[in-house]
Amino acid sequence: MPVDDHEFGAFFISYYGRLYALGVLLTGDRGQAEELAQDALVRTYRRWALVGQPDDPASFARRVLINRHRSLLRRGVVEARQLLRLRPDAQPVVDQPEDAMVMWTAVRQLPSRQRAVIVLRYYEDLSEVEVARLLGLPLGTVKSLGRRGLGRLRQRLTAPTTLAARQGRRP
């Protein structure tokens with residue numbers, strides 16, 4: 001089935017930035033996020049060519065990105081790139097206020113499954129059921145990972161090393 005390049009091009013332009021941001025938040029690495037976003041869009045294009053436009057191309061591309069990320073985790077690629085991921089210049093979104101940068105730094109320090117649940121639940125604004133489906137986890141596991149991740153974030157962000165303490169203010 002031929003692909004309407006104009007239609008796919010419009011989808012690409014409108015959704016690449018969102019996929020890239022999701023990739024940065026999941027991996028903490030801009031280069032890896034770019035690869036994930038590009039791979040997700042290439043696979044979406046192939047699907048588009050085989051069976052026509054998916055019912056919800058944005059959801060399809062997001063699922064491809066998440067599945068690809070999970071595959072990389074399983075293969076240990078993320079472990080090999082751990083040092084690059086922890087670079088201080090790898091911020092999730094450019095030009096954010098300092099408080100947001102502190103928060104996303106704390107998110108990047110979460111274990112990968114907790115980070116994935118937090119990012120999908122609160123950044124992508126998905127329901128727990130959708131997160132469970134995307135990650136291939138039971139709903140109870142998603143709830144537990146989310147609760148634990150939020151608990152760790154609260155603990156890290158209210159510790160004396162938060163932005164307020166570094167600026168000499170009381171938290």
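Residues numbered from 1 in each chain as written. Predicted model: local features only at pLDDT ≥ 70, side-chain atom pairs only at ≥ 80, totals over all residues. Heavy atoms only, no water.

Draft legend 1. Structural view of a positive patch on the surface. Taken together, the side chains of Arg 113, Arg 147, Arg 148, Arg 152 and Arg 156 make up a positively charged region of the molecular surface. In terms of residue count, the dominant contributor to the positive patch is helix α9 (residues 139-157) (4 residues). With respect to the helices and strands, the residue Arg 113 is situated in helix α7 (residues 112-123). (Patch = residues over 30% accessible without salt bridge, like charges linked within 9 Å, V, L, I, M, F, W, Y side chains within 5 Å. Areas by Shrake-Rupley, 256 points an atom, 1.4 Å probe, with all protein chains shown as cover. Salt bridge = Lys/Arg side-chain N within 4 Å of Asp/Glu carboxyl O. Lys, Arg positive; Asp, Glu negative; His and termini not counted. Charge placed at Lys NZ, Arg CZ, Asp CG, Glu CD. Helix = DSSP H or I, 4+ residues; strand = E, 2+ residues; numbered from the N terminus.)

Draft legend 2. The arrangement of the side chain of Asp 39 in detail. Along the chain, Asp 39 turns up in helix α2 (residues 30-51). Asp 39 sits in the buried class, given a relative accessible area of 18%. Apart from residues no more than four positions distant in its own chain, Asp 39 is found in contact with Val 64 and Arg 68. (Buried < 20%, exposed > 50% of the residue type's maximum accessible area, 1.4 Å probe, protein only. Contact = heavy atoms within 4.5 Å.)

Draft legend 3. Expanded view of the nonpolar core. Counting 36 residues, the largest nonpolar core has Phe 11, Leu 19, Leu 65 and Leu 135 as its most contacted members. Those elements that place two or more of their residues in this core are α1 (5-27), α2, α3 (57-75), α6 (98-108), α7, α8 (128-135) and α9. Broken down by element, the residue count for this core peaks at 7 residues, all from α1. Formed jointly, this core draws a minimum of three residues from each of two domains, domain 1 (1-89) and domain 2 (92-171). With residues near it in sequence (within four places) discarded, Leu 65 still touches Leu 19, Leu 22, Gly 23, Leu 26, Leu 36, Ala 37 and Ala 40. (Core = buried A, V, L, I, M, F, W, Y, C linked by side-chain atoms within 4.5 Å. Domains from an automatic or database assignment.)

Draft legend 4. Looking closely at the packing of α6 against α7. Across the interface, α6 lies against α7 with an axial gap of 9 Å and an inter-helix angle of 140°. By the angle class used here, α6 and α7 are oblique. Between α6 and α7, the contacting residues are Trp 104, Val 107 and Arg 108 on the first element and Arg 115, Val 119 and Tyr 123 on the second. Taken together, the residues that form the contact of α6 with α7 break down as 4 nonpolar, no polar and 2 charged. (Axes fitted to C-alpha atoms, helices over the stretch in contact; angles between N-to-C directions. Parallel < 35°, antiparallel > 145°, perpendicular 65-115°, else oblique. Nonpolar A, V, L, I, M, F, W, Y, C, P; charged D, E, K, R; others polar.)

Draft legend 5. Fine view of the packing of α7 against α9. Put simply, α7 and α9 touch, their axes get as near as 8 Å, and they point 95° apart. Relative to α9, the element α7 lies roughly perpendicular. Counting all contacts with α7, which are made through Arg 113, Gln 114, Val 117, Ile 118 and Tyr 122, the residues of α9 involved are Thr 141, Val 142, Leu 145, Gly 146, Arg 148, Gly 149, Leu 150, Arg 152 and Leu 153. In terms of residue class, the contact of α7 with α9 is made up of 7 nonpolar, 4 polar and 3 charged.

Draft legend 6. Structural context of the packing of aromatic side chains. Overall, the coordinates contain 8 aromatic pairs when judged by the stated rule. Measuring from ring centre to ring centre gives 5.0 Å for Phe 8 and Trp 48, while their planes differ by 85°; the resulting arrangement is edge-to-face. Placement of the pair is Phe 8 in helix α1 and Trp 48 in helix α2, with a sequence separation of 40 residues. The two residues Phe 8 and Trp 48 agree in class, both being buried. Summarising the aromatic geometry, the rings of Phe 11 and Tyr 15 are spaced 5.7 Å apart at their centres and angled 15° between planes, so their arrangement reads as stacked. Note that Phe 11 and Tyr 15 are positioned in helix α1 at a spacing of 4 residues, about one turn of the helix. We note that Phe 11, like Tyr 15, is buried. Cluster of aromatic residues (ring-pair linked, three or more members): Phe 8, Phe 11, Tyr 15, Tyr 45 and Trp 48. Above the ring of Tyr 122, the side-chain terminus of Arg 121 is found at 5.6 Å from the ring centroid. (Phe/Tyr/Trp six-rings, centres within 6.5 Å; stacked < 30°, edge-to-face > 60°. Lys NZ or Arg CZ within 6 Å of the ring centre and 35° of its normal.)

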